[in-house]
Amino acid sequence: RLTEQEGGPPAPREPRWKRALGAAKRNGVGYFISYGVVSNVNFTVLLGLSWALFVRTRGVSPVLKDPGTPALLNIWLCALSPSRMDPKFLLYYSAMYLSLGSLMRPMRLAVAAGLVPRVRRFFDRTQERLRCPRPLTWAIALLGTFVFSMVMFPAMVVLCCLVSGVPVLTS
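All of these numbers come straight from a predicted model, not from anything done at the bench. (Residues numbered from 1 in each chain as written. Predicted model: local features only at pLDDT ≥ 70, side-chain atom pairs only at ≥ 80, totals over all residues. Heavy atoms only, no water.)

**Some remarks on the pattern of salt bridges**
Applied cut-off: The salt bridge definition used is simple: a Lys or Arg side-chain nitrogen within 4 Å of an Asp or Glu carboxyl oxygen. Numbering of helices and strands runs from the N terminus, with a helix taken as a DSSP run of H or I at least four residues long and a strand as a DSSP run of E at least two residues long.
By the definition in use, this model includes 1 salt bridge. The closest approach of N and O atoms between Asp-124 and Arg-134, which form a salt bridge, is 2.8 Å. On the criterion of sequence distance, the pair formed by Asp-124 in helix H3 (residues 87–130) and Arg-134 in helix H4 (residues 134–164) is long-range, its members being 10 residues apart.

**As for the nonpolar core**
What counts, and what does not: Throughout, nonpolar core names a set of buried Ala, Val, Leu, Ile, Met, Phe, Trp, Tyr and Cys residues whose side chains join them through atoms within 4.5 Å. Only protein chains enter the calculation, and the probe is 1.4 Å; a residue is then buried if its accessible area is under 20% of its type maximum, exposed if over 50%, and partly exposed in between.
Of all hydrophobic cores here, the largest spans 20 residues; its most connected members are Trp-51, Ile-75, Phe-89, Val-157, Cys-161 and Val-168. Only helix H1 (16–58), helix H2 (71–80), H3 and H4 provide two or more residues apiece to this core. Element by element, the count of residues in this core is highest for H1, at 6 residues.

**Focus on the packing of aromatic side chains**
Put simply, the test is: Any pair of Phe, Tyr and Trp rings, taking the six-membered ring for Trp, is counted once the centres come within 6.5 Å. Such a pair is stacked with planes under 30 degrees apart, edge-to-face with planes over 60 apart, and tilted for the rest.
Taken as a whole and judged by the stated rule, the model has 8 aromatic pairs. For the pair Tyr-31 and Tyr-35, a centre-to-centre distance of 6.3 Å together with 20° between the ring planes defines the contact as stacked. Note that Tyr-31 and Tyr-35 are positioned in helix H1 at a spacing of 4 residues, about one turn of the helix. Ring geometry for Phe-43 against Tyr-93: centres 5.8 Å apart, planes inclined by 85°, an arrangement best described as edge-to-face. With Phe-43 in helix H1 and Tyr-93 in helix H3, this residue pair connects regions lying 50 residues apart in the sequence. Judged by relative accessible area, which is 14%, Tyr-93 ranks as buried. An aromatic cluster is built from Phe-43, Tyr-93, Tyr-97 and Phe-153, whose rings are joined through pairwise contacts.

**Quick notes on the side chain of Thr-170**
Cut-off, in case you're wondering: Polar contacts, as counted here, are pairs of nitrogen or oxygen atoms within 3.5 Å of one another; within protein the pair requires one atom able to donate a hydrogen and one able to accept it, and residues that are adjacent in sequence qualify only if both atoms are side-chain atoms. Should any heavy atoms of two residues lie within 4.5 Å, those residues are counted as being in contact.
Along the chain, Thr-170 falls in the segment after H4. Its relative accessible area of 13% is what places Thr-170 among the buried residues. There is a polar contact of 2.9 Å between the side chain of Thr-170 and the backbone nitrogen of Ser-61. Non-local contacts of Thr-170, meaning those with residues more than four positions away in its chain, are made with Gly-59, Val-60, Ser-61, Val-63, Leu-64 and Lys-65.

**Quick look at the state of the cysteines**
Throughout this description, disulfide means a covalent bond between two cysteine sulfur atoms. What counts, and what does not: Disulfide assignment relies on a single distance test, namely cysteine sulfur atoms paired within 2.5 Å.
Counted under the stated rule, the structure contains 0 disulfides. Its sulfur unpaired, Cys-78 is 12 Å from the next cysteine sulfur, which belongs to Cys-161. Cys-161 supplies the cysteine sulfur nearest to Cys-160, a cysteine that is in no disulfide, at a spacing of 7.1 Å. Residue Cys-160 is classed as buried on the basis of its relative accessible area of 11%.

**Some words on H4**
Under the convention used in this document: In a helix, the anticipated span is given by 1.5 Å times the number of residues less one.
End to end, H4 covers 44 Å across 31 residues, agreeing with the expected 45 Å (1.5 Å per residue, within 8%). Taken residue by residue, H4 has Thr-137, Ala-141, Thr-145, Ser-149, Met-150, Met-152, Phe-153, Pro-154, Met-156, Val-157, Cys-160 and Cys-161 as its buried positions.

**Side note on the confidence of the model for the protein chain**
Here is the rule we go by: Scored between 0 and 100, pLDDT is the confidence that the predictor attaches to each residue.
Mean pLDDT over the protein chain: 87, with 90% of residues reaching 70 or higher. H2 is the least confidently modelled element of the protein chain, averaging 84 in pLDDT, while H4 averages 93, the highest of any element.

**Section: H3**
Note the threshold: Note on bend: at a given residue it equals the angle between the axes fitted to the 7 residues ending there and to the 7 starting there.
End to end, H3 covers just 45 Å across 44 residues, shorter than the expected 64 Å (1.5 Å per residue, more than 12% under). Along H3, the largest kink reaches about 45° and is centred on Gly-101. The N-terminus of H3 is capped by Asp-86, whose side-chain oxygen sits 2.8 Å from the backbone nitrogen of Lys-88. Phi turns positive, to about 50°, at Arg-131, one or two residues after H3.

Following this line, the structure appears as structure tokens:
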């Protein structure tokens, strides 16, 4: 049987998921961090869209307004304690994530792969400036990803509600 180079039929191409898994293995922690950032942006955008849709369709916000707590803090506390949210909202978010979120997965993988060189540069610069071991730069990146997500969470909720013309919190 002839190979592709010898004029034979092309070799069967590996499925996308196998190629993505191979890229993740080759790029290691850099891919893990970049996928975490991309995935968390996806999470916060879908959450913000779900929040605005919930307020528009149900007439109430997923979290009751606590008069003694600033609005952003009230939203942020939901990230730490999802039990503060209306269970019906979690159904809205689940539906959004399972539909649109699933369709976005290949794009998340591709964007994360594209960010790997930048994440590696972050590791290099952090290690050089702090004169620390590489694993510490990974820990700093994980912490940064968490902080970024905690800021994005209320920001996306407020932005999506603002664009949709609905209140963020209702009484």
